[in-house]
Amino acid sequence: MAMKFSNKLNRRHFLAGSAAMIGAPALAQDVDGAGTVEIERDVTEAVRRNISSFRALDWQPYFSNLRNGAILVDVDSRALHYWDEDGVTYKLYPSSVPLSEDLTRRGRTQVVRKVEGPEWRPTPNMLKRNPDWPKFVPAGPDNPLGTHALYLSWTYYRIHGTHDTRKIGRRSSNGCIGLYNQHIAELFGMARVGTQVLLI
């Protein structure tokens, strides 16, 4: 009898604790542009929910052809889709996206350069907001661009890796799209200079 009571009590505690955790509000993340995927303050200080709506998409509504392959970044679902030129290879990756709408650029661009072991220099606007940031970070584990970067035709915009995996699935950049290092390495191997890119 005592054993049954103990099991019920444990189950009741578990259910009550679970309900409390589900009902707890997510901590809001600072979205004033001060934080960035590039040397953002510690993500544990203020974290927005990590949300991503993963679903496979067809390329036809977004591209007229797959010449040189195609990358679609859905900022709202925080997902990057890739189709190879062959129309058979399709990849879907979780991503980090810009902190706010004013830092978000949407539209068509393309990959203009590929760099393994990228170096990083903050933009003039980043340095204005964060004057204590370094003006240059060499390739390596402290580099905010991770292990690989695909440079886009838009100045300062990249699809790159990150060593801080907590940022994936969150609004955490000044405009760039971030991927786990293993995912950017895979995408880097498939994408080429000239790959079409669309941010929606």
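Residues numbered from 1 in each chain as written. Predicted model: local features only at pLDDT ≥ 70, side-chain atom pairs only at ≥ 80, totals over all residues. Heavy atoms only, no water.

On to the overall build of the chain. When its secondary structure is counted, the chain shows three helices and ten strands. The secondary structure elements of the chain, listed N-terminal to C-terminal, are α-β-β-β-β-β-α-β-β-β-β-α-β. Carbon together with sulfur atoms contributes 54% to the accessible area of the chain, which is approximately 10800 Å² in total. (Helix = DSSP H or I, 4+ residues; strand = E, 2+ residues; numbered from the N terminus. Areas by Shrake-Rupley, 256 points an atom, 1.4 Å probe, with all protein chains shown as cover.)

Right, let's get into the pairing of strand β1 (residues 70-74). Put simply, side chains in a regular strand alternate between the two faces of the sheet. Here β1 lies mainly inside the structure; five of its five residues are buried. Residues A70, L72 and D74 line one face of β1 and the alternating positions I71 and V73 line the opposite face, and both faces are buried. Taken together, the five bridges between β1 and strand β2 (residues 79-83) define a ladder with antiparallel strand orientation. For D74, the partnering residue across the bridge sits in β2 and is A79. What sits between the antiparallel neighbours β1 and β2 is a turn of four residues, in which R78 has the positive phi angle 55 degrees. By the bridge criterion, four bridges tie β1 to strand β10 (residues 196-199) in an arrangement that is parallel. Within β10, the position partnered with A70 by the bridge is Q196. (Buried < 20%, exposed > 50% of the residue type's maximum accessible area, 1.4 Å probe, protein only. Pairing = 2+ DSSP bridges.)

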